[in-house]
Every structure is written in structure tokens, then in C-alpha cells.
Amino acid sequence: MTDGLHAITVTINGEARPLRVAPSRTLLDVLRTELGLTGTKKGCDVGDCGACTVLLDGTPVNACLVLAVEADGAAVTTIEGIAPAAGQLHPLQQSFMDLGASQCGFCTPGIIVMAKALLDRHPDPSEEDIRFGLAGNICRCTGYTKIIEAVKDAARRLAAAPPPAGR
Amino acid sequence: MHPFAYFEPTTVDEAIALLARHGGDAQLMAGGTDLLVEIKESLRRPAVVINIKKVPDLGGLACDEAHGLRIGALVTVRAIETSAAVSRLYPAIAEAVREIGSIQIRNRATLVGNVCRASPSADTLPPLIAAGTVAAISGPGGARSVPLGEFFTGPGRTVLTAGEIVTAIALPPPAAQAGASYIKHGRRRAMELATVGVAVSLRRDGDVCRDVRIVLGAVAPTPIRATAAEMLLEGRAPDPARLEEAGCAAQDQSRPIDNVRASAAYRRAMVGVLTRRAIAAAWERTT
């Protein structure tokens, strides 16, 4: 680390990625800039909006408040890794499309990743569970009603036909 | 973000040595949910960040009737929130931790970090103080213990001296017939800082209250004990007239300020209301 950069390896959506990063770089900036994974959005950059939600070893976190060096050795799932295979959609993605749960779309990737974490834990969530689970994801367009309906719809789809294990 | 040198010590001694070597230029990082925001907003410009997440001795959540609750410095708020034993034995702590930020934040933020940031409005501080929590501290001069009631000296200020780290906090086992509660008042239900927070811990002795602790948050530079209200209740039944008196006494002891979240007068009025409700809720739980 003579140049001040740290060598790390992060498994991103199933693929091991060796990287050299400055310690002050966030996981969010490395995902978007170094790795070109721009599905994860940069909204507030201070942990208030949830647009940058990713799964870190399966746990939802704000990528803007994780240093990239801290992700060394970890598995990160971004919105790009949510679909079960190329050309397919995760039931949450299908439900969000079918029910019009997205308007400008900026918050949608973070909400889908957070909703996936919620459904992994609570396959049959109540409306209160969904509202509590998504409290850290801000949408300024939809008024949330359609988002909550879409998460309920996805839970029904998943109960009817669980997808193959995701990446 | 402002650049910094970065260290990942693997022992408490190594972390203390790094802190001692870099002094005021260094910041300790546990969850990072507050520190990284402050660095991004240039409120802090540390030359060195010492991430303590790789120190195995700082982990560990242990909770049972016999030994109480011990929370290591790296235990996340979400781990406490989802602990069935904590919900059962320490309901006021369980009520407070779910008020912090979002699930994403609580998956990173640590309870000990929340304590060390010493925000006057931090939700967890009133119930921790009411429960008789003690901080275990290690530093260049050795180890010491400080009750949380004596830990805070001002907004963002604590009794910690250079090179000291809070390694864990410990709560005594709940007494027989104990009850505790925390009530937060905010403008919305999530992602909110407290306008006023009131925590109560007490023990039922027949029809009367014993060992009453009432702690007010967000109405003074640090969380404060409402000692006059506590004395009014000690050895007395919490009937409506007594609750009214205790609420007024707590209100008189609060020293709130006007700020963006509420006026001082409103905060003072809410201290009275929430104190009455929190005492009643804690008493309810003793049965």
C-alpha cells in the first residue's frame, strides 16, 4: 500500500473482482465508477434515501456508508445481480413493472434490493412489515401505495413459484 | 470524501496504541454510519481512520436472566433489535433500538457507537441509563468502568480521555417484578430524530413503585435523570394524581432548547405528557 491504495477482492454478483482502492472511497463509488454498475444509485450519499441499497453478505446496507476496503472478502449483490438469469426478471422486478410501482425510477433499484432482503426474511409480510422494512427507502414520485402493492404481489408470486437460487 | 490513512487493528491493545500514536488526528470507526457522514460533510477531517471491526474481542451479544445483557462494541443495533432475549428481558431497549435510522443503517450502526457519539437526542441513551448500564473502557492507563449516568458531559462529549475505547456496555439483570419503557416523540414514524424521549425503569412492590429511574432525552445537553419526579413516585402507587405530579416535576427539570425540530415550550409540555405515559407503560409491564 505504498501508493496509499489497498488491494481488495470483492465478490460482486457472484464474480470475484480484484480492485485497488483508496481507503476514503465508498463501496457505492467503486461500484458505479470502477465497475460500471450504475444500477445502484447515488441519491443523498449520507444514508438517508436508500437509493444505494446493496446486499453485503446478504444483509441490506447503504453502499454510500460502507468503505470499499471494508468489503474486502465479502459478497456484494447489486440490482444487476437480482435477476435469476440473463433475460429473466426477479418476481419483484416483474411485479414493479406490472403494477406501475416505478415512476422516475431513481429509487427503484434500492427498493427492489431492500424488498428482496425483506422477502428473504419474511416471505409473507404484512403491510406494516413492508412499511417498516422500506422505511429507509425514499420515493418522491409514487406515494408508496403501488410500491407496497408490488411487494405484496411479488410475495404471492414467490410463494406460488420460488425462483432458482439467485446469484 | 476527504482522504485519510486507514488502519484495521486486530486487538484492543493495537487499537489503543494507534489511537495514542495519532491522537486528535485519528477517529475510531465501528459502524461508520455517523463518522462517514461527518467526514463527507467536512464536520470532521481525520488524517487517520481506525476501523475496529476486525477486533474479535469487541464482538459478542449475551443476554439472560442470570447475567443480564452484555453488548460488545461491534454489536449492531439490528442484532439487538432482532434478539428475542433482549425483547423479552429489556423491552425499553428493544423499543429504542428500532427507532434508529433505517434497517440499512441499523445493519451497520453499533449501539456502543451510538453511546460514544453522545448525541443529546440519541434514542438509546435514556433507556440504557434507566436500566443502570455501565460502560467498560480500556485505554493506555488500563481498564475502568463508568456508569452511563456519569458518562456524558455535553453534546458529543463524554468522559473518555485520549486513547480510550468503550469495549462493551453491560446492563444488570432485570429485578423481579421490574418494568421499563421508552417513548419517543417525533414528527413522523421512521427515519426521525427524537423531539423528546422519555425512559422509565421501576420495580413493583405490592401496590407501590420502587427504584424508579426516569431519564429524559433531547431536552438538555445530555440525557438527564428527572430526580424530583423519581422521588415523588418512590414508595407510592402510580395513581393518576401521582403521575400528574411526576409529569410536572419532570417538565420543571428539563432544559430544552428551540431548534428546527420543536420549540422549547413544546418540548417541555411533551416531557410532562410522555413522562406520565412512560411511567404507566413501565408499571403495566411489571405484572
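These numbers were taken from a predicted model, which means no experiment stands behind them. (Residues numbered from 1 in each chain as written. Chains lettered and ligands numbered in written order. Predicted model: local features only at pLDDT ≥ 70, side-chain atom pairs only at ≥ 80, totals over all residues. Heavy atoms only, no water.)

Colleague: Is there a simple way to think about the overall build of chain B in this case?
Modeller: If you tally the helices and strands in chain B, you get 11 helices and 14 strands. Its C-alpha atoms give chain B a radius of gyration of 19 Å, near enough to 19 Å, the size a compact globule of 287 residues would have. In terms of principal-axis extent, the alpha carbons of chain B reach across some 60 × 45 × 35 Å. Within chain B, the proportion of its 287 residues that are buried is 53%. Excluding contacts between residues fewer than 6 apart, the proportion of contacts in chain B whose partners are at least 24 apart in sequence is 60%. The average position of the 33 basic charges and that of the 28 acidic charges among the side chains of chain B differ by 5 Å. (Helix = DSSP H or I, 4+ residues; strand = E, 2+ residues; numbered from the N terminus. Rg over C-alpha atoms; globule rule 2.2 N^0.38 Å. Buried < 20%, exposed > 50% of the residue type's maximum accessible area, 1.4 Å probe, protein only. Contact = heavy atoms within 4.5 Å. Lys, Arg positive; Asp, Glu negative; His and termini not counted. Charge placed at Lys NZ, Arg CZ, Asp CG, Glu CD.)

Colleague: I'm lost on the environment of Asn13 of chain A in this one. Help?
Modeller: All names here are of chain A. Mapped onto the elements of the fold, Asn13 is located in the loop between strand S1 (6–12) and strand S2 (15–21). Look at Asn13 and you get buried, because its relative accessible area is 11%. Taking C-alpha positions, Asn13 is 9.0 Å from Ile79, a pair spaced 66 residues apart along the chain. Only 2.8 Å separates the side chain of Asn13 from the backbone nitrogen of Thr78, close enough to count as a polar contact. (Polar contact = N/O pair within 3.5 Å; in protein donor to acceptor, adjacent residues only side chain to side chain.)

Colleague: Please explain the UniProt feature "domain: FAD-binding PCMH-type" (unreviewed entry) in chain B as it appears in this structure.
Modeller: Those residues carrying the UniProt feature "domain: FAD-binding PCMH-type" (unreviewed entry) are residues 1–176 of chain B in this numbering. Counting secondary structure, residues 1–176 of chain B comes out at 30% helix and 25% strand; the distance between its end C-alpha atoms is 51 Å. (UniProt positions renumbered as here; feature names shortened; annotations may be inferred.)

Colleague: Would you mind going over the interface of chain B and chain A with me for this structure?
Modeller: Note: interface size is frequently given as the accessible area lost on complex formation between the parts. In this assembly, 29 residues from chain B lie in contact with 29 residues from chain A. In total, chain B and chain A occlude about 2,300 Å² of area from one another, counting both sides; carbon and sulfur atoms represent 61% of this. Linking chain B to chain A there are 3 salt bridges. A salt bridge links Glu70 of chain A to Arg108 of chain B, with the nearest nitrogen and oxygen atoms 3.0 Å apart. Scanning the region where chain B abuts chain A turns up 7 residue pairs in polar contact (both at pLDDT 80 or more). (Buried area = accessible area lost by both parts, 1.4 Å probe. Salt bridge = Lys/Arg side-chain N within 4 Å of Asp/Glu carboxyl O.)

Colleague: I tried to follow the pattern of salt bridges on my own but got confused; where do I start?
Modeller: Pairs can form between side chains of opposite charge once their charged atoms are near each other. All told, the structure shown has 29 salt bridges over all chains when counted by the stated rule. Asp153 of chain A serves as the salt-bridge partner of Arg156 of chain A, at 3.7 Å between the closest nitrogen and oxygen. Taken as a pair, Arg156 of chain A and Asp153 of chain A lie in helix H5 (residues 145–160) at a separation of 3 residues, close to a single helical turn. Accessibility expressed as a relative area gives 54% for Arg156 of chain A, which makes it exposed. If you follow the salt bridges from partner to partner, you end up with Asp29, Lys42 and Asp45 of chain A together with Lys40 of chain B in one network.

Colleague: When you look at the pairing of strand S5 (residues 68–72) of chain B in this model, what are you seeing that I'm missing?
Modeller: Walk down a regular strand and you will see the side chains alternate between the two sheet faces. Residue and element names in this part refer to chain B. The buried fraction of S5 amounts to 4 of the 5 residues, a majority that puts the element mostly inside the structure. Two elements, strand S4 (residues 61–64) and S5, share 4 bridges in a ladder whose sense is antiparallel. Bridge assignment links Ala62 to a residue of S5, and that residue is Arg70. Here S5 pairs with strand S10 (residues 165–171) via 4 bridges, running antiparallel. When the sheet's bridge partners are listed, Leu69 is paired in S10 with Leu171. (Pairing = 2+ DSSP bridges.)

Colleague: Where do I start with unusual backbone geometry in this structure?
Modeller: Peptide bonds are trans in most cases, and residues, glycine excluded, mostly fall at negative phi. Residues and elements named next belong to chain A. Within the chain, Tyr144 stands out as a residue other than glycine whose phi angle is a positive 75 degrees. Mapped onto the fold, Tyr144 is located in the loop between helix H4 (127–133) and H5. Judged by relative accessible area, Tyr144 falls into the partly exposed class, the value being 25%.

Colleague: Any chance you could explain the sheet that holds strand S3 (residues 48–51) of chain B here in plain terms?
Modeller: What links the strands of a sheet is backbone hydrogen bonding, and the strands pair in either a parallel or an antiparallel sense. Residues and elements named next belong to chain B. Here we have 3 strands laid out as an open sheet, ordered S1-S3-S2, and parallel in their pairing. Looking at which strands have only one partner, the edges of the open sheet turn out to be strand S1 (5–7) and strand S2 (26–29). Taking each pair of neighbouring strands and ignoring which way they run, the sheet shows an average axis angle of 20 degrees. By the bridge criterion, 3 bridges tie S1 to S3 in an arrangement that is parallel. By the bridge assignment for S3, Tyr6 is matched with Val49. (Axes fitted to C-alpha atoms, helices over the stretch in contact; angles between N-to-C directions.)

Colleague: I tried to follow the pairing of S2 of chain B on my own but got confused; where do I start?
Modeller: Residue and element names in this part refer to chain B. Pairing of S2 with S3 involves 4 bridges; the strand directions are parallel. Within S3, the residue paired with Met29 across the bridge is Asn51. Crossover connection from S2 via helix H2 (residues 35–40) to parallel S3: handedness right-handed. (Right-handed = clockwise from strand over helix to strand, strands pointing away.)

Colleague: Looking at this structure, I do not really get the side chain of Gln27 of chain B. What am I missing?
Modeller: In this fold, Gln27 of chain B is placed in strand S2. What Gln27 of chain B contacts, discounting residues up to four positions off in sequence, is Leu35, Arg44, Pro46, Val48, Val49, Ile50 and Arg117 of chain B.

Colleague: Can you walk me through the domain arrangement of chain B in this structure?
Modeller: Domain boundaries in chain B define domain 1 (5–51) and domain 2 (178–284). Taken over C-alpha atoms, the centre of domain 1 of chain B sits 35 Å from the centre of domain 2 of chain B. (Domains from an automatic or database assignment.)

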